[in-house]
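Spelled out from the first residue to the last, the chains are:
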Amino acid sequence: MRITRPLLLLDIDGVLNPYGSPQPPAGYTEHRLVPGEEPVRVNPVHGTWITEASAVLDIAWATSWNDEANQLLAPLLHITPLPVVTMPCTPFHPSEKIPLIAAYAQQRPATWIDDLHSPEAHVWAARRTSPTLLITTDPAIGLTRDSIDRVITWAKPFNNPQEPLGSAS
């Protein structure tokens, strides 16, 4: 019997698009994607990491960018479009993501990378009966190799039913 592949829910601002510093971090370039809005900082290596993670996880956008994530960002990262967990129109409180993410994840093992995990997100994760991993990024730095490695290591046992869950391979 195959165990359901785990899910990675991926935010953009503060994760793939760091903010809060005058200059982009090393490896990032700025792109003006929407006239009149702040430039988007993109590190092309993130596309490689997302593709690598997709070998052991199903990945979905969990961002206020909604469908624009696939239209504007996916081409810059050289990744195929991802499913979208549709979020409310901005501005909204970070806790408003939780019911939408919960409905999307259902009972699947899930990891969620975001820069703004509210206290309610931690309560949701702790109360789930399915394994759940929250990774909170520093919005000035964005996604790191360490974070993506944690996600991949966490997800691998779900893809190999012969391995006990929770073991590191």
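Everything quoted here is computed from the prediction, not taken from an experiment.

Which residues make up the overall build of the protein chain, and what are the values?
Within the protein chain, the regular secondary structure consists of 5 helices and 6 strands. Beginning at the N terminus, the succession of helices and strands in the protein chain can be written as β-β-β-α-β-α-α-β-α-β-α. For the protein chain, whose C-alpha radius of gyration is 16 Å, the value lies close to the compact-globule estimate of 15 Å for 169 residues. Principal-axis analysis of the C-alpha atoms places the extent of the protein chain at approximately 50 × 30 × 25 Å.

I'd love a proper account of the environment of Ser-147, names of residues and values included.
Secondary-structure assignment places Ser-147 in helix 5 (residues 145–159). When the C-alpha atoms of Ser-147 and Thr-137 are compared, they prove to be 8.1 Å apart, with 10 residues separating the residues in sequence.

A description of unusual backbone geometry should follow, citing residues and the corresponding values.
Backbone torsion omega between Thr-90 and Pro-91 reads 0°, so that peptide bond is classified as cis. Backbone geometry at Gln-106 places phi at a positive 50°, although glycine is not the residue there. By the element assignment, Gln-106 lies in the loop between helix 3 (97–105) and strand 5 (110–114).

Pulling in residues and values, what's your account of the pairing of strand 1 (residues 7–10)?
On strand 1, burial covers both faces: Leu-7 and Leu-9 on one face and Leu-8 and Leu-10 on the other are all buried. Both strand 1 and strand 4 (residues 58–61) contribute to a ladder of 4 bridges, which runs parallel. Bridging from a neighbouring strand, Leu-10 pairs with Trp-61 of strand 4. Sheet analysis places strand 1 next to strand 5, joined by 4 bridges and oriented parallel.

Let's hear about the environment of Lys-156: which residues, and what values?
Tracing the chain through its elements places Lys-156 in helix 5. The class for Lys-156 is partly exposed, based on a relative accessible area of 36%. In this structure the C-alpha to C-alpha distance between Lys-156 and Pro-91, which are 65 residues apart in sequence, comes to 36 Å.

Cut-offs and rules
Residues numbered from 1 in each chain as written. Predicted model: local features only at pLDDT ≥ 70, side-chain atom pairs only at ≥ 80, totals over all residues. Heavy atoms only, no water. Helix = DSSP H or I, 4+ residues; strand = E, 2+ residues; numbered from the N terminus. Rg over C-alpha atoms; globule rule 2.2 N^0.38 Å. Buried < 20%, exposed > 50% of the residue type's maximum accessible area, 1.4 Å probe, protein only. Pairing = 2+ DSSP bridges.

By themselves, these figures tell us nothing about what the structure is for.
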